[in-house]
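Descriptive analysis of the structure
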Amino acid sequence: MSENTLQSFNISRFQEDILDWYEKNKRDLPWRQDQDPYKVWVSEIMLQQTKVDTVIPYFYKFMDKYPTVYDLAEADEQDVLKTWEGLGYYSRARNLQSAVREVVEKYDGVVPNNPEELGSLKGVGSYTRGAILSIAYNQPEPAVDGNFMRVFSRILKVEEDISKAKVKKLFEDYMYEIISKEDPSSFNQAIMDLGATICTPKSPMCMFCPVQEHCRAYAEGIEEELPIKSKKKKQKVKRYVALLVRNEKGQVIIEQRPESGLLANLWQFPMVPVDNLELLHVENWVRKEYGVEIDLDEKRGNVKHVFSHLKWNLDVYAASTKQDVLENDRLRFVTIEELDEYPFPVSHQKMMDLLK
Ligand code: SF4
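Within each chain, residue numbers correspond to sequence positions counted from 1 in written order. Only residues with pLDDT of 70 or above have their local features reported here, since the model is predicted, and side-chain atom pairs are shown and tallied only from 80 upward, although totals for entire chains, interfaces and linings are computed over all residues. Excluding hydrogens and water, the side-chain values take into account all heavy atoms of the structure.

1. Thoughts on helix H10 (residues 165–178)
Taking 1.5 Å per residue as the helical rise, H10 with its 14 residues ought to reach 20 Å, and the 20 Å between its terminal C-alpha atoms agrees with that figure. Only protein chains enter the accessibility calculation, which uses a 1.4 Å probe. A residue is then buried if its area is under 20% of the maximum for its type, exposed if over 50%, and partly exposed in between. What counts as a helix is a DSSP run of H or I of at least four residues, what counts as a strand is a run of E of at least two, and both are numbered from the N terminus. Inspection of H10 places Val167, Phe171, Glu172, Tyr174, Met175 and Ile178 among the buried residues, and these make up the whole buried set. Each buried residue of H10 sits inside an arc of 165 degrees when the element is viewed along its axis, so together they form one side. Exposed side of H10, more than 90 degrees from the buried face: Ala165 and Lys166 are the residues found there. Only heavy atoms matter for contacts: two residues are in contact if any of them lie within 4.5 Å across the pair. Residues of H10 that are buried in the fold lie against helix H1 (11–25), helix H8 (126–135), helix H9 (146–155) and helix H11 (184–197). Given the number of residues in a helix, its expected span is that number minus one, multiplied by 1.5 Å. In this description, the arc belongs to the directions extending from the helix axis to the C-beta atoms.

Below you can see the structure in the form of C-alpha cells.
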C-alpha cells in the first residue's frame, strides 16, 4: 500500500453512496432494534467466526436469560456455557462474562465509551472495540475484521496479505479517513452489510453494488482475485476413542474438561488419545487414567469435528462397567435425561445420538 492509496478516492461521494444504500437496504437484525452497547457487544462476540443466521436464535435466547449486564454478571458459568452450547469457540462466552463482571464492578454497569477502558476488557480486541464505539456510541472508530478488509482490499485495490497485522493496522489508518464523521454507526454497519450480502467472498455481485463506481478492483476486473490472504496451516488431526460407558443402572459416564484450554469446563464423554495407542490398550488406559474398570464393546460410529487449528477424529465405542461409584472428581455418572443439564461441545452432542 502506498501513501497515494487515498488520493483520487472521492471520500465524501463514497460516504453518500454507501449511507444512501444502507438507509434503504439495511438488514433487520435483532441487535439493531436499539443501540444498547451491551446488546451490540454480545452480538459482535457471537458473530465472530459465526454466520448471522446461526447467531440470531442464540442472541434471542441469550437476551431472554441475561437481559442486562447484571444478569450476565451474576449467572453461573455452567449456565452461560449451556446457553452458548453449539455456538462454538466457548472462550468467547467465558471472556464475555468476566468482562461484564468487570463492567459491573468497576464502571457501575455502564459499558465504557472510551477506547482505553473498553479495549482493556477481556475478549474485546480492536475490532469489537471499534464496533461497540461506532455502532452504540456513534464514534468515528474503525471496526476492521476479515470482512472489512475483503471489501476495502477490492475497493482500494490493496494487494497485500490481509493476514498480516501491519496490513490490518494500515486498513485502520485508512478507515479513520474514510469513515463518516456524521454517522459512523451507520457507516460501519453499511460496510458489514455490503460484505455480507453483495461483496461476498466468492462471486461478489458487482452489478448490484452501490459503490461500484468507486471500486478499483471492479474497474480492472480483478475483484475475485482479492483479497490476498496467505493460506492457513493445515489443521493437525488428533484421533481418539470416545467412550459411551454405561453401568448396570443404565447411567453413563461424563467428564468435565480442564479449567483452561480448548473447550474449558465443558462436559464430554471420556476420550482416549489413540495416536500412539492400540485399541487393545484402551481398557488399560482407562483404568490407569480414570480408575475405572471397563469392558470395551462394539464400535457405534465415528464423529469428526474441525476446530480452527485442529481436527478431532473420534471412533465412538460402547463400553460397560460394573462400578457405581467414581473416584475421579471430574467424572460423573448421569442418566440419559440428565445429559441435557450439562453443556457439551457439538461433537459430543452428536455422540448422544449413538447412545440410543
Ligand atoms: S464493485 Fe464488486 S468488488 Fe467492488 S465493492 Fe462492489 S461488490 Fe465488491
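And the narrative resumes.
2. Details of the site of the ligand
Residue proximity to a molecule or strand is established when one non-hydrogen atom of the residue lies within 4 Å of it. For the ligand, the full set of nearby residues is Arg154, Ile155, Ile198, Cys199, Pro204, Cys206, Cys209, Gln212, Cys215, Tyr218 and Glu223. Partitioning the shell around the ligand into residue classes produces eight nonpolar, one polar and two charged. As a working rule, the residues Ala, Val, Leu, Ile, Met, Phe, Trp, Tyr, Cys and Pro are called nonpolar, Asp, Glu, Lys and Arg charged, and the rest polar, with Gly in that last group.

3. Points about helix H3 (residues 52–65)
Here H3 contains 14 residues, and its C-alpha end-to-end distance of 20 Å stays within 8% of the 20 Å for a straight helix at 1.5 Å per residue. All of the buried residues along H3 are Val52, Val55, Tyr58, Phe59, Phe62 and Met63. Residues of H3 that are buried make contact with helix H2 (37–47), helix H4 (69–74), helix H5 (77–84) and helix H6 (91–106).

4. Structural notes on the domain arrangement of the protein chain
Per the annotation, domain bounds derive from an automatic or database assignment of domains. When its domains are assigned, the protein chain resolves into domain 1 (3–225) and domain 2 (236–355). Between the C-alpha centres of domain 1 and domain 2 there is a distance of 38 Å. Taken residue by residue, the interface counts nine residues in domain 1 and 17 residues in domain 2. In this assembly, domain 1 packs against domain 2 so that about 890 Å² is buried in total across both faces, 50% of it on carbon and sulfur atoms. Any pair of nitrogen or oxygen atoms within 3.5 Å is treated as a polar contact; in protein, a donor-acceptor pairing is required on top of that, and neighbouring residues in sequence qualify only through side-chain atoms on both sides. Scanning the region where domain 1 abuts domain 2 turns up eight residue pairs in polar contact (both at pLDDT 80 or more). Counting residues per element, the side of domain 1 that touches domain 2 draws most heavily on H5, at four residues. Along the lines of polarity and charge, the residues of the side of domain 1 that touches domain 2 split into three nonpolar, two polar and four charged. Accessible area that two parts lose when put together, with a 1.4 Å probe and added across both, is what the buried area reports.

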